[in-house]
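Structure at a glance
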Amino acid sequence: MALEQSKQPFHGSEPARILIADDEPRLLASLAKLLRGRGFEVTEANGGKQACEQLARKAFDLALLDLNMPDTDGFAVMERIASHQPDCGVVVVSGEGSFGTVSRALRRGALDYIRKPFDPEELLTTVEGVLGKQSLIKAHEMIQTRLEKSEALHRYIVNSSPDIVFMLDKTGHICFINNKVESLLGYQPSELCGRHFGHILDDRDVARGTYALQGPDISVDNPRTLEVRLKTRGSSKATRHFEITAFPVDPQTWPQTGDTRGGSTAQPARYYGIARDVTERKEAEAFINFQAYHDLLTRLPNRALFKDRLELAITQARRAKQKLAVMFLDLDRFKVVNDTLGHAMGDRLLQAVTHRLEKCLRRGDTLSRFGGDEFTLLLPSVNSPEDARGIARKLIQTLKDPFQLGNHEVFVGVSIGIAVFPDAGNSMDQLIQNADIAMYHVKARGKDGYRFYSDSMSINTANRLSLERDLRLALERDELRVFYQPQVCSKTNQVVGLEALVRWQHPERGLIYPGDFLPLAEETRLIGKLSERVLDQACRDVGHWINSGHPNLRLAVNLSPSQVEHPRFVETLLEQVQSHRFPAGNLEIEITENVIMNDLEQISRKLKELADCGVRIAIDDFGTGYSSLNYLHRLPIHTLKVDQSFVRAIRSGEDGACIVNAIVAMAHGLKLEIVAEGVETDDQLNYLTSLGCHQVQGFFYGPARPAADIDRLLSRDGLAFAHTG
């Protein structure tokens, strides 16, 4: 019931007594002035402690409380009010807006919740509304006390009730209904009287509502209570939820004079009751339920609902001896977009990705947002792995086209791991974990693809968790070691460069090589810190050798895709180099072709910035990726590194030798330097030298060595390298 705007905003002749408590003096004064201007009697309390003191001195009709107060918080004040002044209503005025905080305040008895900063008119309306409701409740209580003494008050309450009050005859036809039905459902009481009450029941509830009054056990002590949906006038679709409580009428105790205000008929009543509008409560319950099982950003099922559905699907598949598939999807390059364009654009991208992915689903499939940029997909019935393969290809293809986010055109891909029941696991946790493992194998091989889980991918879970824990400790305990593999001029045996390679000196397992822990570092996002440590140490070591009489010595470092794709890659790298006063012209960074082609435009810009500062660019493992002359021509590349798999194949008539020939010729044509990796034999060295490849590295000159060994090597006159071949 709307309240009139007046200078006497509470019932009776006296203005409402309001206590306001806040620890911000300016806001407290402003709020007090606002309420006094509307005619309220206001008492101010600077913090929760003063509020409790005021509550001990005088009675209040309403308290406006902040929650975060340093001495005594708002919840403590609410407890004092509940125990000492239960008739005093509470409205929370707070900057806290989380669902948990709001829910806790309402459970503690708050009648409303206003979030700072507030709109003055909105606050006044809320205050007056709460006071009005309190007034109505108090009036209602007073009237109920007198109900047994006065039949006139019966009629007043019926027609002033906030609920629909009705009477039905023995066949279920309405013989009385109060005026409240007009404001809640739009019907005039007179047009409903004489009609069966099923006329206003939603079609889905007609049978249940009719049956409810036919039970033999309905009595004054056992009334019939049920929740139904009632139709609003003129629309069968617009429904509201009501809680109906119906009692039988005792003809001996009710004279049935028919003297009421509202609609009525002359038929004797068999039942009477009330219908309370609970639409807002039902909607709140539905929202809370949706929130508990869905991701609010994408509206997809969340992790909890996905697991429920997967558990059910496994039970059904086991019973029917069918297969099902679980896919784990991880977006490629999402973090770059999120870090570069901001979280708002990242959220928009997730919504756009969700929209495209949903178009690929079959009826009955469940797509879930598992967290961050990770999704899971349940295919509850697959005839063979080919069904899952087809869906995976559709998902990858649908994300190929760019996304338009404002003025930005963004490209993302997706890496998909697939686990098929029962081959890849018999339980929910196994299927999800194995799909996750398969997804990371896709990431390790260059992203934007799919793989099925196989036993060969299996990693001992306990061992993996232990290794991850140890790797984190290794960073804290400085257990990483930098080894160096010389890059040698094949003609002079002079060391021209050093490639920095990381090793892990594990306290129990001994020296661990990169292949055994770098994939885990990528997966756990520790690769950034790890690479930073390696570059720091390498800059110190090689910087020392440069300053000790080897000014042309080159430092080569291999960078991970996640480092290069990071928005602050260039700034971070240059800051790190400059902090060691390392000459930029002596640094050569090695990146793979796949990293470049994942986002050619952005990577091109970054590499040009580095090249402008003197940093050299090398393409690692050349020949295993795209090998596109287009990007070689466009980018400031200085060196090509021939992959060791081709060098290993240098034997008479093998294809590998032909590839090496082509790469060396290409490098000469583009005026690029070339380094051959994995040189192990005289035949390989001689063949490469004859082609004009004068820089090599590999076991022909010995394995990668710690800094102390390199220091002894560089101390020799002329830097001549005595190989071990």
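Rules behind the numbers
- Residues numbered from 1 in each chain as written.
- Predicted model: local features only at pLDDT ≥ 70, side-chain atom pairs only at ≥ 80, totals over all residues.
- Heavy atoms only, no water.
- Helix = DSSP H or I, 4+ residues; strand = E, 2+ residues; numbered from the N terminus.
- Expected span 1.5 Å × (residues − 1).
- Buried < 20%, exposed > 50% of the residue type's maximum accessible area, 1.4 Å probe, protein only.
- Arc of directions from axis to C-beta.
- Contact = heavy atoms within 4.5 Å.
- Phe/Tyr/Trp six-rings, centres within 6.5 Å; stacked < 30°, edge-to-face > 60°.
- Lys NZ or Arg CZ within 6 Å of the ring centre and 35° of its normal.
- Pairing = 2+ DSSP bridges.
- Axes fitted to C-alpha atoms, helices over the stretch in contact; angles between N-to-C directions.
- Core = buried A, V, L, I, M, F, W, Y, C linked by side-chain atoms within 4.5 Å.
- pLDDT = per-residue confidence, 0-100.

Helix length check: helix H14 (residues 385-398) (14 residues) gives 20 Å between terminal C-alpha atoms against 20 Å at 1.5 Å per residue, within 8%. Taken together, the buried positions of H14 are Ala388, Ile391, Ala392, Leu395 and Ile396. Down the axis of H14, the buried side of the element spans an arc of 135 degrees, and every buried residue falls inside it. In H14, the exposed positions that point more than 90 degrees away from the buried face belong to Arg393 and Gln397. Packed against the buried residues of H14 are strand S12 (323-332), helix H13 (343-358), strand S14 (374-382), strand S17 (413-421) and strand S18 (450-452).

Here we take up the packing of aromatic side chains. Here a ring pair, both rings aromatic, is described through the centre-centre distance and the interplanar angle of the planes. Taken as a whole and judged by the stated rule, the model has six aromatic pairs. For the pair Phe328 and Phe370, a centre-to-centre distance of 5.7 Å together with 75 degrees between the ring planes defines the contact as edge-to-face. Of this pair, Phe328 sits in strand S12 while Phe370 sits in strand S13 (residues 366-371), and the two are 42 residues apart along the sequence. On the accessibility criterion, Phe370 (7% relative accessible area) is buried. Measuring from centroid to centroid gives 5.5 Å for Tyr484 and Trp545, while their planes differ by 75 degrees, and the two rings are edge-to-face. On the criterion of sequence distance, the pair formed by Tyr484 in strand S19 (residues 480-489) and Trp545 in helix H18 (residues 527-547) is long-range, its members being 61 residues apart. Here the two residues Tyr484 and Trp545 agree in accessibility, since each one is buried. Pairwise contacts between aromatic rings join Phe306, Phe328 and Phe370 into one cluster. Its guanidinium or amino end placed over the ring of Phe370, Arg303 lies 4.1 Å from that ring's centre, counting from NZ or CZ. Note that Arg356 overlies the ring of Phe403, its terminal NZ or CZ placed 3.6 Å from the centroid.

This part covers the sheet that holds S12. Ordered in space as S13-S14-S12-S17-S18, the five strands form an open sheet in which the pairing is mixed. Bordering the open sheet on either side are S13 and S18, each of which pairs with just one other strand. For this sheet, the mean inter-axis angle between neighbouring strands, taken without regard to orientation, is 20 degrees.

Taking strand neighbours across the sheet as the criterion, the five strands line up as S2-S1-S3-S4-S5 in an open arrangement whose pairing is parallel. Every interior strand has two partners, whereas the edge strands, strand S2 (41-46) and strand S5 (112-115), have only one. Ignoring strand direction, the axes of neighbouring strands in this sheet form an average angle of 20 degrees. As defined by bridge partners, strand S1 (residues 17-22) adjoins strand S3 (residues 62-65) across four bridges and the pair is classed as parallel. Residue Leu19 lies in a different strand from S3, and its bridge partner there is Ala63. Relative to S2, helix H2 (residues 48-57) is tilted by about 140 degrees, and along the sheet it contacts S1 and S2. Contacts between helix H3 (residues 74-84) and the sheet are confined to S3 and strand S4 (89-94), with S3 contributing the most and set at about 165 degrees to the helix.

On to the nonpolar core. Grouped together as the largest cluster of nonpolar side chains are 76 residues, with contacts concentrated most on Tyr484, Leu555 and Ile589. Sort the elements by how many residues they give to this core and H18 lands first, with nine residues. Ranked by size, the runner-up nonpolar core spans 32 residues in total, among them Leu300, Met327, Phe375 and Leu377.

This part is about the confidence of the model for the protein chain. Taken residue by residue, the protein chain gives an average pLDDT of 83. The fraction at 70 or more is 87%. Mean pLDDT across the elements of the protein chain ranges from a minimum in strand S10 (residues 263-264), with 51, to a maximum in strand S22 (residues 554-558), with 94. When the criterion is pLDDT under 50, residues 258-263 qualifies, and its contacts beyond four places in sequence or with other chains add up to 19 contacts.

With that settled, consider unusual backbone geometry. The omega torsion of the bond from Lys116 to Pro117 falls at -10 degrees, within 30 degrees of zero and hence cis. Note that Pro117 resides in the loop between S5 and helix H5 (120-146). In this model, Phe421 is joined to Pro422 through a cis peptide bond whose omega is 0 degrees. Positionally, Pro422 belongs in the loop between S17 and helix H15 (428-444). Located in the positive-phi region is Arg581, a residue other than glycine, with phi close to 55 degrees. Given the relative accessible area of 78%, Arg581 is considered exposed.

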